Every structure is written in C-alpha cells, then in structure tokens.
Amino acid sequence: MRSIQKYLGISLAVSLVAVFFLQWLVVSATLRHLSESGFKAHMEHNIENLLTGISFDTAGRLQLAPDRIEAVYRRPFSGIYYRIASGDQTLRSRSLWDRDLPAIPDTAGGILTQHLTGPQSQPLIMHTRVFEWQGRRIVISVAEDLTPIENEMREFRNRYALVSLAALVLLLALQAWLVRHGLRPLHRARAELRQLEQGEVSRLNEAVPAELSPLVKELNHLLAAMTQRLARSRQALGNLAHALKGPLTLLTHQVEEEKSGSPAPGQAMTEQLQTMKHLIERELKRARLSGAALPGRRFDFAAELPALIETLKALYRDKPLAMNLRMPAGVAFPADREDMLELLGNLLDNACKWGRSKVIVEVICTSTTNSPSPPRGEGGKTLIEIRVHDDGPGCPDASLATLAQRGTRLDESTPGQGLGLAIAMQTASDYGGRISFGRSEILGGFLATVHLPVASG
C-alpha cells in the first residue's frame, strides 16, 4: 500500500502546480486585456484629434490640417501610424514611409479593432472608425506598435513565474512539514503498539485527533475484551477446580476407607465420579454452545436465542418444560457472542433446573432518558432488559442477596455447584450491566433480570 504521506505530498504538489499555472495564465491574459484597452482608449483619442483636422478643399480633395499631425506621425517607423481614406482618396502618416496599412472598406461597421504586422514586421494593434461627414464617408485607422508592451508583458510573466516558483517551493516545504506533523499521532500510536507488545503499557492513549479516535477506541475495546476473556478463562479454571475439589476430597477419604477395610465404598465412589463427569461435561457443553467469537461482532438475539432454547430443551428433555420467547424484531447488543451465550445459558439453565413446567424469556428495549428515577449509572441511556421467568419455587427475599456469591446453593438436593448465577453477574458487569433477582409476577417463580446499557450511536 502506498504511503499516506507520499500520496498527500504528490496530490498537493500537483494541485498547487495546476493552481499556480492557471493563475499565471489568468493574470497574463487580464493584464494583456487591460493593456489593449488602454491602447484602444489612446487610439480613440488620436482618431478624434485627426477627425477635427480633416477638411475638403473646393476641388473636393481630402486634406488634414498640419497642426493636427503630431511629430510622432512624421518620424519614419516611429511605431504610431494613421491612414485616412474617403472614397478613392487616401492620406497616410509619414511614419509609414513607403508602406501602407490595410485598407478598410467604408462599408465596414462603425468600429473595428484588429492585430496585424507592421512595416518592420512588428506586432501592431489597429483601431478603425468610420464617420459620415459632409455627405462623405471617412475611414480613419490608427495603429500602434505592441513591441514595448509585449516586452514588458514578457518580463512580467518571467518575474511572476519566478515568484510563483519560489512560493510553490515554499508551500511544498510547508505542506511536507504539515503532513509529517499531522501524521505524528500515527507514529505515536505505532510506538504505543510496540510498547503494548512488550508489556510496558496496557492500553493506548486516547488523546488523539478525531480521525484516529474511533480506531484507538476500538483497539482499546478489543484489548479490554481480550483481557476480560483471559480473566474469565482463569476464573473458569478456578470454578472447575473449586467444583472438583469436593468430589476429589471425598474420593480420597473413600480410598483411605477402602484401604482400612471399610465395607462397600464402591457405591459412594461411583456417585462422586459421576458428579465429576457431570461437571466436566457441563464445561464442555458450555464451550460447544459458545462457539467461535469474532471481535466487535453484535449479538443478534433473534438469531441466537432460539437455538440456545432448543439446546436447553434437549438437555432437559426429561422434564415437561414449555419455553416461550418474547422479543421485538431486530434487537442486537454490541457484545461477544461467547460472552452472551454464557450469560444467557447460565440463566436459562438455572430456570430449566428449577422450573416445573414453564419458562418465559423476554427481551425488552427501554430508554431511561425520560424516566423519573432511572437506575444509578443508567440515566439518559438505552437499556436492553432480558427477563427469565420460571414457575419453580422461587427464592425467599432474605436469600436473594446471597445468590450471586460463588458456590452458594440454597438447595443441596439439586445437582450443581452454585457458580452459574455468579458467572452470569460477572459477565454482565464486564459490559457495564447488572443482574437483579426477584419473584416473577407472570409465573410466580424465580425472576432474573439482566440490565445491559447500550452506548449512544
């Protein structure tokens, strides 16, 4: 891929060259137009001056009063010429010597301006007026040499080109410095990435220009997600170790009892091995439910929840459970698929375990902007609420506060290690949310409500 700095430098250089060249053309054309306008005004004045000296004698011959003939018209090839014609009579300035200006027919329009080549091959501009005087048509042409103004224009264009070139070089140097200065945050970000790789920093500095801010924030979000995933992996290992510790301890005691000759330890050992097998299969099952996760992907409730519910129905096929899903279309949450399946899987597994015959899952989008008393930390946000109802025995109000503690179980008669709700609460907390527990007004059993805030935009 091409360098951004090189691309910006070449693009701006081409643009500046084009702008300066067009400006040079426009300025040159404008100055030439102004110069020729000045020439026309001066020649118009000379024509009027000659017109006042024109007369016809008694024989009808065309005459020009000597006092109207300026000295410049008498000097040969002076660069200023006139030609006066009426019918077949013509008066020419002495400055033309033995040359002549192009004849303009008296049927031409009133005013005519043209460029031509002079007596000495110099560029001329000729201005012609046609007059009606004493019943005769008079054509007066005055021409002036453009060589002096052409030389001045050429000198001006050269000077202007040099000044423009110097300005262009200065601007190119300035833009090169500005581009390097503007791309400095990218170099800092690259250095921070190197420090991040070496473990010197844990996140990137978000004090960057607005154009880089979304990229840096997404990278920090990805780093936070990876850190949280690592923490959850360690926590999962701790959970498994905690869950296996009890059965292993019992097995150790039973092995010692067998060595001491205690009768019939086999049945108890079999039960503990089955418990350990159940725990391991549970963790593998959770991994299969989660699947592969893509960073930055949005969790689509409509696409994922039905499959999760069907899986749990299959796991609890021995119970006559009816699971009902209620949610609007198009609900999504910016979270990792693995995390959300783990959170929802724990809550639904708990509901299926304790529910007698019915489980209801609700997904609701609410706004706390206009709420009279929004939850602390959730004012002015959009919330996604996930409510899991069951028709089981529920939980006494006095015991609700202890449910989220790791390893807490209110009923030891049901298999489990008391980790599911704690894991769900930790996952919700990782995304700035929370979980509340209570009694379902719909089914009368247990109610778990997940509150997930959605950032604006």
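These figures come from a predicted structure and were not determined experimentally.

## With respect to the sheet that holds strand β4 (residues 89–92)
In a beta sheet, neighbouring strands are held together by backbone hydrogen bonds and run either parallel or antiparallel to one another. Pairing is antiparallel across the open sheet formed by five strands, whose spatial order is β4-β3-β7-β6-β5. Only two strands of the sheet have a single neighbouring strand rather than two, namely β4 and β5 (111–117). Across this sheet, the average inter-strand angle for adjacent strands is 20°, counted without regard to direction. Pairing between strand β3 (residues 80–86) and strand β7 (residues 136–145): six bridges, direction antiparallel. Residue pairing across strands places Tyr82 opposite Val142, the latter belonging to β7. Lying over the sheet, helix α1 (residues 4–51) contacts β3, β5, β6 (123–133) and β7, oriented at roughly 135° with respect to β7.

## Examining the pattern of salt bridges
All told, the structure shown has 13 salt bridges when counted by the stated rule. Salt-bridge contacts for Arg337 lead to Glu304; the nearest nitrogen and oxygen are separated by 3.0 Å. With Arg337 in helix α7 (residues 337–354) and Glu304 in helix α6 (residues 301–315), the pair connects residues that are 33 residues apart, well separated along the chain. What makes Glu304 buried here is its relative accessible area of 15%. Taking the shortest distance from any N to any O, the salt bridge between Lys313 and Glu310 comes out at 3.7 Å. Residue Lys313 and its partner Glu310 are located together in helix α6, separated by three residues, close to a single helical turn. Each member of the salt-bridge network shares a partner with another, and the members are Arg32, Glu36 and Glu150.

## Topic: the packing of α6 against α7
Close contact between α6 and α7 brings their axes to 11 Å; oriented N to C, the two are set at 40°. Taken together, the axes of α6 and α7 lie oblique to each other. In this structure, the crossing between α6 and α7 has a hand that is right-handed. Contacts between α6 and α7 involve Phe301, Glu304, Leu305, Leu308, Ile309 and Leu312 from the former and Arg337, Met340, Leu341, Leu344, Gly345, Leu348, Asp349 and Cys352 from the latter. Its residues assigned to classes, the contact of α6 with α7 shows 10 nonpolar, one polar and three charged.

## What to know about unusual backbone geometry
Positive phi values are uncommon outside glycine, yet Trp97 reaches one of about 60°. Inspection of the secondary structure assignment puts Trp97 in the loop between β4 and β5. Looking at Trp97, the relative accessible area reads 40%, which means it is partly exposed. If you check the backbone angles, Ser121 has positive phi at about 60° while not being a glycine. With a relative accessible area of 61%, Ser121 lands in the exposed category.

## Digging into the environment of Leu124
Here Leu124 shows up in strand β6. Taking the relative accessible area as the measure of exposure, Leu124 reaches 0% and is therefore buried. Through-space distance from the C-alpha of Leu124 to that of Glu144 is 5.5 Å; in sequence the pair is 20 residues apart. Sequence-distant contacts of Leu124, that is, excluding residues within four places in its chain, are made with Tyr81, Leu101, Gln114, His115, Leu116, Thr117, Gly118, Pro119, Ala143, Glu144, Asp145 and Leu146.

## Looking at the nonpolar core
Counting 40 residues, the largest nonpolar core has Phe301, Phe333 and Leu348 as its most contacted members. Among the elements of the structure, α6, α7, β11 (358–367), β12 (382–390), α8 (420–430), β13 (434–439) and β14 (446–454) are those that each provide at least two residues to this core. Among the elements that make up this core, the one with the highest residue count is α7 (eight residues). Beyond its immediate sequence surroundings of up to four residues, Phe333 is in contact with Arg298, Phe299, Phe301, Met340, Ile384, Tyr431, Leu452, Pro453 and Val454. Of all hydrophobic cores here, the second largest spans 22 residues; its members include Ile54, Leu62, Ile84 and Ile149.

## Concerning the pairing of β3
Among the seven residues in β3, seven count as buried, and that is most of the element. In β3, alternate side chains face the same way, and those of Ile80, Tyr82, Ile84 and Ser86 on one face and Tyr81, Arg83 and Ala85 on the other are all buried. When β3 meets β4, the two strands line up antiparallel, connected through four bridges. Within β4, the position partnered with Arg83 by the bridge is Arg92. In this antiparallel pair of consecutive strands, β3 and β4, the connection spans two residues, and Gly87 shows a positive phi of 65°.

Reading the values: the criteria
Residues numbered from 1 in each chain as written. Predicted model: local features only at pLDDT ≥ 70, side-chain atom pairs only at ≥ 80, totals over all residues. Heavy atoms only, no water. Pairing = 2+ DSSP bridges. Helix = DSSP H or I, 4+ residues; strand = E, 2+ residues; numbered from the N terminus. Axes fitted to C-alpha atoms, helices over the stretch in contact; angles between N-to-C directions. Contact = heavy atoms within 4.5 Å. Salt bridge = Lys/Arg side-chain N within 4 Å of Asp/Glu carboxyl O. Buried < 20%, exposed > 50% of the residue type's maximum accessible area, 1.4 Å probe, protein only. Parallel < 35°, antiparallel > 145°, perpendicular 65-115°, else oblique. Left-handed = near helix turned anticlockwise from the far one by under 90°. Nonpolar A, V, L, I, M, F, W, Y, C, P; charged D, E, K, R; others polar. Core = buried A, V, L, I, M, F, W, Y, C linked by side-chain atoms within 4.5 Å.

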